[in-house]
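# Structural description and commentary
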Amino acid sequence: METIYRILGKRGRTTIPYILRITMGFHPNDLVSFRRDGDTIVVKREKVCDNCCAGGDKELPVTSDALKEFLSSLPSNVQKEALVHLTQGLCNENS
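Reading the values: the criteria
Residues numbered from 1 in each chain as written. Predicted model: local features only at pLDDT ≥ 70, side-chain atom pairs only at ≥ 80, totals over all residues. Heavy atoms only, no water. Helix = DSSP H or I, 4+ residues; strand = E, 2+ residues; numbered from the N terminus. Buried < 20%, exposed > 50% of the residue type's maximum accessible area, 1.4 Å probe, protein only. Contact = heavy atoms within 4.5 Å. Areas by Shrake-Rupley, 256 points an atom, 1.4 Å probe, with all protein chains shown as cover. Salt bridge = Lys/Arg side-chain N within 4 Å of Asp/Glu carboxyl O. Patch = residues over 30% accessible without salt bridge, like charges linked within 9 Å, V, L, I, M, F, W, Y side chains within 5 Å. Pairing = 2+ DSSP bridges. 1 Å grid on protein atoms, 1.4 Å probe; cavity = no way out; pocket = protein on both sides within 12 Å on 5 of 7 lines; lining within 4 Å. Points joined across faces, edges and corners; volume = space filled by probe spheres on them. pLDDT = per-residue confidence, 0-100.

## Here's the deal with the overall build of the protein chain
Looking only at helices and strands, the protein chain features three helices and two strands. Ordered by position from N to C terminus, the α and β elements of the protein chain give α-β-β-α-α. The proportion of buried residues among the 95 residues of the protein chain is 6%. Taking the intrachain contacts of the protein chain between residues at least 6 apart in sequence as the baseline, contacts between residues at least 24 apart amount to 6%. Accessible area for the protein chain stands at about 8,900 Å²; split by element, carbon and sulfur atoms hold 54% of it.

## Regarding the pattern of salt bridges
Inspection of every chain in the model, using the stated rule, returns one salt bridge. Here Arg-45 makes a salt bridge to Asp-30, at a shortest N to O gap of 4.0 Å. Placement of the pair is Arg-45 in strand 2 (residues 40-45) and Asp-30 in the loop between helix 1 (18-24) and strand 1 (32-37), with a sequence separation of 15 residues. The class for Arg-45 is partly exposed, based on a relative accessible area of 38%.

## Some words on a nonpolar patch on the surface
Residues Ile-16, Phe-34, Ile-41 and Val-43 make up a contiguous nonpolar surface patch of roughly 390 Å² in combined accessible area. Summarising the element assignment, Val-43 is placed in strand 2.

## Re the pairing of strand 2
Sheet analysis places strand 1 next to strand 2, joined by six bridges and oriented antiparallel. Residue pairing across strands places Asp-37 opposite Thr-40, the latter belonging to strand 2. The turn linking strand 1 back onto strand 2 is made up of two residues, and Gly-38 within it adopts a positive phi angle of 70°.

## A word on the layout of surface pockets
Reported here for the second largest pocket is a volume of approximately 650 Å³. Lining the second largest pocket we find 18 residues, and of these Thr-14, Ile-16, Pro-17, Phe-34 and Val-43 sit closest to its centre. Going through the elements one at a time, helix 1, strand 1 and strand 2 are the ones with two or more residues in the lining of the second largest pocket.

## Quick notes on the confidence of the model for the protein chain
Averaged over every residue, the pLDDT of the protein chain is 79; the share at 70 or more is 79%. When mean pLDDT is taken per element in the protein chain, strand 1 scores highest with 92 and helix 2 (residues 65-73) scores lowest with 76. Confidence over residues 56-62 falls short of pLDDT 50; this stretch has six contacts with residues more than four positions distant or in other chains.

Following this line, the structure appears as structure tokens:
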């Protein structure tokens, strides 16, 4: 694959190019990790729980080490926002 260039914004943001997201199977709301490997940054899609792609109405596990680690890495105000978002989503599902 040819090299794709992107400009890093003043807040350190960039977008993973569409072709890479498609070929690597990245989807909206995927959890990604960043790791430094020498002078390279490795971006990896993380598995949050077992049977995430099982489909159907199967109940997914409530706890996950990767999810706990991710949430713990967030600042407390962002953790609170996530809790509010999840609670609202659950309330809307049960309405």
